Amino acid sequence: MVKVTFKTHDGNEYIIEAKSGASLMEAARDNSIPGIEADCGGACACATCHVYVPEDWLSQLPSKADMEKDMLDFAWEPDSTTSRLSCQIKLSDSLCGLVVQVPSNQG
């Protein structure tokens, strides 16, 4: 199991465990993380699973694909460096301990 922490804009932290191979969005949805709407169900067709990933974790993630970059244009206050769509992040043991910030709005 991969342990991940979601920090919400109101200062709450949600520490969850998810199966390796699941997407970060699936883990958030399955654990009812506030602020992760996941309207498209993980098809990279919306930006309602937007999160901010701390810079020190970015090297553990694959680069953003063009589709993800395009969808992030629709995200709430995207950051060109730290914004990611959680549906595009596959959990693995190397991501155990990951902490992400959920934006105050999903646009």
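First things first, this report covers the structure right here in the doc.

Analysis parameters
- Residues numbered from 1 in each chain as written.
- Predicted model: local features only at pLDDT ≥ 70, side-chain atom pairs only at ≥ 80, totals over all residues.
- Heavy atoms only, no water.
- Helix = DSSP H or I, 4+ residues; strand = E, 2+ residues; numbered from the N terminus.
- Buried < 20%, exposed > 50% of the residue type's maximum accessible area, 1.4 Å probe, protein only.
- Core = buried A, V, L, I, M, F, W, Y, C linked by side-chain atoms within 4.5 Å.
- Contact = heavy atoms within 4.5 Å.
- Salt bridge = Lys/Arg side-chain N within 4 Å of Asp/Glu carboxyl O.

**Things to note about unusual backbone geometry**
Consideration 1: Unusually for a residue other than glycine, Ser32 sits at a positive phi of about 50°.
Consideration 2: Tracing the sequence through the fold places Ser32 in the loop between α1 (24–30) and β3 (50–52).
Consideration 3: On the basis of relative accessibility, which here comes to 60%, the residue Ser32 falls in the exposed class.
Consideration 4: In this structure, Glu77 is a non-glycine residue whose phi angle is positive, near 45°.

**As for the nonpolar core**
Consideration 1: Residues Val4, Phe6, Leu24, Ile36, Val53, Leu85 and Leu91 are the most contacted members of the largest nonpolar core, which totals 30 residues.
Consideration 2: Mapped by element, the contributors of at least two residues to this core are β1 (2–7), β2 (13–18), α1, α3 (66–72) and β5 (98–101).
Consideration 3: The biggest single contributor to this core is α1, with 4 residues.
Consideration 4: In contact with Ile36, not counting residues within four places along its chain, are Met25, Ala28, Thr48, Cys49, His50, Val51, Ser86, Val102 and Gln106.

**Some points on the pattern of salt bridges**
Consideration 1: Using the criterion set out here, one finds 3 salt bridges in the structure.
Consideration 2: With a shortest N-O distance of 3.8 Å, Lys7 and Glu13 are connected by a salt bridge.
Consideration 3: The exposure class assigned to Lys7 is partly exposed, which follows from its relative accessible area of 31%.
Consideration 4: Across the pair Arg84 and Glu68 runs a salt bridge whose closest N-O atoms are separated by 2.8 Å. A residue pair is termed long-range when its members are at least 10 positions apart, and Arg84 in strand β4 (residues 83–85) and Glu68 in helix α3 qualify at 16 residues. Across the pair, exposure class does not vary: Arg84 and Glu68 are buried alike.

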